[in-house]
There are 2 protein chains.
Amino acid sequence: MSGDFGPRVTVPAALQALASNPKLKLLLVGLPDIISPLLVNIDAELLSRLQVVPAEQVVANDAKPSQAIRASRGTSMRVALDLVKSGEARACVSAGNTGVLMGLSKLMLKSIDGIERPALMTVLPNLEQQKTVVLDLGANVNCNSRMLVQFAIMGSVMAEEVVGMVNPRVALLNIGTEESKGLDNIREAATILKNIPTMNYIGYLEGDQLLTGKTDVLVCDGFAGNVTLKTMEGAIRVILSLLKSSDGQKRRFSWLLKIVKKWLQKRMTKRFGHLNPDQYNGACLLGLYGIVIKSHGAANEHAFKAAIEQAVQAVERQVPDRIAARLETALPKSD
Amino acid sequence: MSGDFGPRVTVPAALQALASNPKLKLLLVGLPDIISPLLVNIDAELLSRLQVVPAEQVVANDAKPSQAIRASRGTSMRVALDLVKSGEARACVSAGNTGVLMGLSKLMLKSIDGIERPALMTVLPNLEQQKTVVLDLGANVNCNSRMLVQFAIMGSVMAEEVVGMVNPRVALLNIGTEESKGLDNIREAATILKNIPTMNYIGYLEGDQLLTGKTDVLVCDGFAGNVTLKTMEGAIRVILSLLKSSDGQKRRFSWLLKIVKKWLQKRMTKRFGHLNPDQYNGACLLGLYGIVIKSHGAANEHAFKAAIEQAVQAVERQVPDRIAARLETALPKSD
């Protein structure tokens with residue numbers, strides 16, 4: 001029950017998710033005194049699938065991961081992950097501090113054999129009316145070539161098993177398409193990926209291809225992934241803001257402006273609805289023996305519900321098992 | 001006379017630049033047999049300010065920098081940089097291989113005392129109707145904290161002396177705004193920047209702030225800079241393409257679509273004309289004892305002329321001298 005707005009966003013979102021998923025059961029981890037008042041006058045059937053699990057503390061948004069992890073006992077994040085570890089819960093959804101969630105998840109749920117560090121993954125829409133799996137989005141600011149290869153395998157599994165693609169294309173994000181371009185770890189990863197028979201590796205792509213649909217899976221380190229995702233979101237917001245009437249000269253056309261803006265937003269919603277952070281909210285922390293979904297800290301009700309839905313989907317598709325199975329065949333066993 | 005399209009783009013662009021800058025003189029370095037036919041029936045006054053300097057070879061676009069630099073003798077890029085070194089030219093404009101241009105420029109023109117490696121810089125428009133100096137855009141894929149600090153100083157000089165800002169704000173591109181976020185080199189650079197009295201350092205900014213005008217100078221390593229610039233360009237292109245009539249259902253509104261598209265483009269041109277790569281083409285290679293402008297390889301006539309204009313401006317504002325002077329005061333002398 002963390003995030004920038006706490007239970008007043010996450011509790012209504014949980015209730016919405018229960019309403020649209022008749023088999024779903026949710027454990028709300030947090031301060032009962034704050035959560036309980038939000039559960040009065042709620043439909044009894046929904047309440048029967050809801051349980052409040054007390055946690056007295058919360059991880060601060062600006063906490064330093066290493067310190068916060070050491071002092072995590074009793075926090076809602078730790079309690080929630082404990083529930084996943086013990087099998088009482090099948091997934092954990094959190095809008096809390098990304099670094100702490102990542103570190104604590106790894107500590108408690110352990111990485112799948114063959115995965116050095118889990119990665120944050122999201123699914124973006126693209127111009128070809130398909131979807132692109134992008135990872136890592138910020139869990140790992142430093143990645144070696146092996147990690148990039150592991151991300152590629154996990155992204156490939158997601159594209160096949162969750163998005164439903166056949167033989168998904170996998171590309172590495174780089175600053176040029178020639179083989180000699182970029183950082184050593186990227187070039188080394190390219191060499192490894194070319195030699196994995198089950199991998200449909202297509203080469204390097206640059207940032208301007210993020211939304212064009214030239215690949216089904218785009219792999220990068222967490223720093224580049226975060227920069228490219230945020231830049232894309234920022235550019236889209238800037239263009240939409242251009243449509244707002246602001247300069248005096250144009251005031252006489254403000255009615256036209258309103259129509260155009262509405263029309264464009266409708267058109268964008270239709271083709272790029274997923275670009276709205278509310279729609280695709282919920283990055284999946286891939287590579288753990290357990291399902292952890294990271295929501296935007298600033299998520300609203302609708303967005304937090306989307307993150308819960310992602311968790312439901314990951315449970316249904318048995319994402320960790322499928323990744324573990326693929327790693328068995330794709331990578332030679334490490335000693 | 002390099003780039004994807006060679007002299008058939010660069011020669012007409014050169015003639016245009018001569019026509020709009022009455023004091024400008026240009027040396028065209030390349031194969032005389034290819035350049036000369038493009039100079040027939042040209043105004044005599046323009047021709048009097050133009051000189052063809054023969055070069056028999058050209059650096060390949062996909063050349064590996066280290067090899068290409070060793071084998072650079074006789075190439076148009078090397079000859080042009082020789083002219084800058086000897087003082088016969090005041091600046092070099094090239095649409096050639098970035099890595100080779102960067103390496104060869106450093107080898108021949110030398111870095112300014114206090115600059116470890118030159119950086120590629122461009123000036124972007126922003127939502128506040130101002131401009132943002134962004135560097136590095138791809139010259140250095142690996143940067144230590146000292147290099148980032150040097151980029152910050154060079155960017156600050158550009159913002160003051162070329163863009164005309166007073167006490168420009170300087171930010172580091174990062175994946176969060178909290179002090180603990182990001183890579184070690186960025187955090188170390190932040191610590192150094194805070195302690196430079198002449199520096200108006202404002203902290204970290206994320207990729208979604210690239211166009212919002214929250215800073216006047218945005219500093220990053222060349223990998224992140226390239227990713228963020230390309231992603232921004234790509235997102236803008238995608239949104240513009242959304243405005244293209246494509247889905248059948250809407251065909252009956254195609255006339256409206258055309259009007260809207262034209263109107264939006266006009267509005268965007270007015271406020272974000274510089275986002276058109278043709279308008280801001282020409283990244284300045286900052287930090288050398290000499291002026292080198294890198295044009296997009298795929299630049300058209302208009303875009304290549306913009307790169308020549310950048311060179312003219314850099315010569316007039318004496319960019320290298322001003323950077324050298326600022327380094328004297330901002331940084332303690334290295335031993």
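Source: prediction; values computed, not measured.

**A few points about the overall build of chain A**
Item 1. The secondary structure content of chain A amounts to 13 helices and 10 strands.
Item 2. Every one of the 335 residues in chain A was classed for burial, and the buried ones make up 57%.
Item 3. When contacts within chain A are restricted to residue pairs at least 6 apart in sequence, long-range pairs at least 24 apart make up 70% of them.
Item 4. Here chain A displays about 14,800 Å² of accessible surface, and carbon together with sulfur accounts for 51% of that area.

**Regarding the environment of Val162(A)**
All names here are of chain A.
Item 1. Relative to the helices and strands, Val 162 is located in helix α7 (residues 145–162).
Item 2. Remark: the alpha-carbon pair of Val 162 and Glu 316, spanning 154 residues in sequence, is separated by 9.5 Å.
Item 3. With residues up to four places along the chain from it excluded, the contact list for Val 162 reads Val 157, Gln 313, Arg 317 and Val 319.

**Comments concerning helix α6 (residues 98–109) of chain B**
Within an α-helix, residues lying three or four positions from one another point in the same direction, as the helix has 3.6 residues per turn.
All names here are of chain B.
Item 1. With 12 residues, α6 should cover 16 Å at 1.5 Å per step; its first-to-last C-alpha distance of 16 Å lies within 8% of that length.
Item 2. Looking at α6, one finds that the buried residues are Val 100, Leu 101, Met 102, Leu 104, Ser 105, Met 108 and Leu 109.
Item 3. On its buried face, α6 sits against α4 (65–70), α5 (76–85), β3 (91–94), β9 (283–286) and β10 (291–294).
Item 4. With a side-chain oxygen lying 3.0 Å from the backbone nitrogen of Gly 99, the N-terminal cap of α6 falls on Asn 97.

**Focus on the side chain of Thr231(B)**
Item 1. Within the secondary structure, Thr231(B) sits in helix α9 (residues 222–242).
Item 2. Residues within four places of Thr231(B) in sequence aside, it is in contact with Gly207(A), Asp208(A), Leu210(A), Thr228(A), Thr231(A) and Met232(A).

**Some details on the confidence of the model for chain A**
Residues and elements named next belong to chain A.
Item 1. In the predicted model, chain A carries a mean pLDDT of 88, and the fraction of residues at 70 or more is 89%.
Item 2. Across residues 245–250 the pLDDT falls below 50, and counting only partners more than four positions away or on other chains, this stretch makes 10 contacts in the model.
Item 3. The complex prediction reports pTM at 0.87, with the ipTM value standing at 0.86.

**As for the pairing of strand β1 (residues 26–30) of chain B**
Residue and element names in this part refer to chain B.
Item 1. Most of β1 is tucked away: 4 of the 5 residues are buried.
Item 2. Looking at chain direction, β1 and strand β2 (residues 50–54) are connected through 5 bridges and run parallel. If you follow Leu 27 over to β2, its bridge partner there is Gln 51.

**Side note on the nonpolar core**
Item 1. Ranked by internal contacts, the top residues of the largest apolar core, which has 186 residues, are Leu135(A) and Leu135(B).
Item 2. The contact partners of Leu135(B), leaving out residues within four places of it in the chain, are Ala119(B), Leu120(B), Met121(B), Phe151(B), Met154(B), Gly155(B), Val217(B), Leu218(B), Val219(B), Cys220(B) and Leu286(B).

**Overview of the sheet that holds strand β7 (residues 200–205) of chain B**
Residue and element names in this part refer to chain B.
Item 1. The strand order β3-β10-β9-β4-β5-β8-β6-β7 describes an open sheet built from 8 strands, whose pairing is mixed. Since the sheet does not close on itself, it has two edges, and those belong to β3 and β7, each with one partner. For this sheet, the mean inter-axis angle between neighbouring strands, taken without regard to orientation, is 25°.
Item 2. Pairing analysis gives 3 bridges linking strand β4 (residues 119–125) to β9, with the strands arranged antiparallel.

**Topic: a nonpolar patch on the surface**
All names here are of chain A.
Item 1. Residues Leu 31, Ile 34 and Leu 38 make up a contiguous nonpolar surface patch of roughly 220 Å² in combined accessible area.
Item 2. Tracing the sequence through the fold places Ile 34 in helix α2 (residues 32–35).
Item 3. Look at Ile 34 and you get partly exposed, because its relative accessible area is 44%.

**As for the pattern of salt bridges**
Residues and elements named next belong to chain A.
Item 1. Taken as a whole, this structure holds 20 salt bridges over all chains when the rule is applied.
Item 2. Arg 326 serves as the salt-bridge partner of Glu 160, at 3.2 Å between the closest nitrogen and oxygen. Note that Glu 160 is positioned in helix α7 and Arg 326 in helix α13 (residues 319–330), a separation of 166 residues in sequence.
Item 3. Among the ionic pairs, Asp 184 bridges to Arg 187, the shortest N-O distance being 2.5 Å.

**A closer look at the sheet that holds strand β6 (residues 169–173) of chain A**
All names here are of chain A.
Item 1. If you trace the 8 strands from one edge of the open sheet to the other, you get β3-β10-β9-β4-β5-β8-β6-β7, paired in mixed fashion. Looking at strand neighbours, the two that pair on one side only are β3 (91–94) and β7 (200–205), the edges of this open sheet. Strand-to-strand twist across the sheet, computed as the mean angle between neighbouring axes with direction ignored, equals 25°.
Item 2. Those strands touched by helix α5 (residues 76–85) are β3 and β10 (291–294), and its axis lies near 160° from that of β3.
Item 3. This element, helix α8 (residues 184–194), spans β6 and β7 of the sheet and lies at about 160° to β7.

**Section: the packing of α7(A) against α13(A)**
Residue and element names in this part refer to chain A.
Item 1. Close contact between α7 and α13 brings their axes to 10 Å; oriented N to C, the two are set at 125°. Put simply, α7 runs oblique to α13. The handedness of the crossing between α7 and α13 is right-handed. Contacts from Ile 153, Met 154, Ser 156, Val 157, Met 158, Glu 160, Glu 161 and Val 162 in α7 reach Val 319, Arg 322, Ile 323, Arg 326, Leu 327 and Ala 330 in α13.
Item 2. Residues that form the contact of α7 with α13 fall into these classes: 9 nonpolar, 1 polar and 4 charged.

**Overview of the side chain of Arg326(A)**
Item 1. For Arg326(A), a relative accessible area of 16% puts it in the buried group.
Item 2. If we ignore the near neighbours within four places in the chain, the residues touching Arg326(A) are Ile153(A), Ser156(A), Val157(A), Glu160(A) and Glu161(A).

**Points about unusual backbone geometry**
Item 1. The amide bond that connects Leu135(A) to the next residue, Asp136(A), takes the cis arrangement and shows omega of 0°.
Item 2. Unusually for a residue other than glycine, Asn167(B) sits at a positive phi of about 50°.
Item 3. Positionally, Asn167(B) belongs in the loop between α7 (145–162) and β6 (169–173).
Item 4. Taking the relative accessible area as the measure of exposure, Asn167(B) reaches 46% and is therefore partly exposed.

Criteria and cut-off values
- Residues numbered from 1 in each chain as written.
- Chains lettered and ligands numbered in written order.
- Predicted model: local features only at pLDDT ≥ 70, side-chain atom pairs only at ≥ 80, totals over all residues.
- Heavy atoms only, no water.
- Helix = DSSP H or I, 4+ residues; strand = E, 2+ residues; numbered from the N terminus.
- Buried < 20%, exposed > 50% of the residue type's maximum accessible area, 1.4 Å probe, protein only.
- Contact = heavy atoms within 4.5 Å.
- Areas by Shrake-Rupley, 256 points an atom, 1.4 Å probe, with all protein chains shown as cover.
- Expected span 1.5 Å × (residues − 1).
- Polar contact = N/O pair within 3.5 Å; in protein donor to acceptor, adjacent residues only side chain to side chain.
- pLDDT = per-residue confidence, 0-100.
- Pairing = 2+ DSSP bridges.
- Core = buried A, V, L, I, M, F, W, Y, C linked by side-chain atoms within 4.5 Å.
- Axes fitted to C-alpha atoms, helices over the stretch in contact; angles between N-to-C directions.
- Patch = residues over 30% accessible without salt bridge, like charges linked within 9 Å, V, L, I, M, F, W, Y side chains within 5 Å.
- Salt bridge = Lys/Arg side-chain N within 4 Å of Asp/Glu carboxyl O.
- Parallel < 35°, antiparallel > 145°, perpendicular 65-115°, else oblique.
- Left-handed = near helix turned anticlockwise from the far one by under 90°.
- Nonpolar A, V, L, I, M, F, W, Y, C, P; charged D, E, K, R; others polar.

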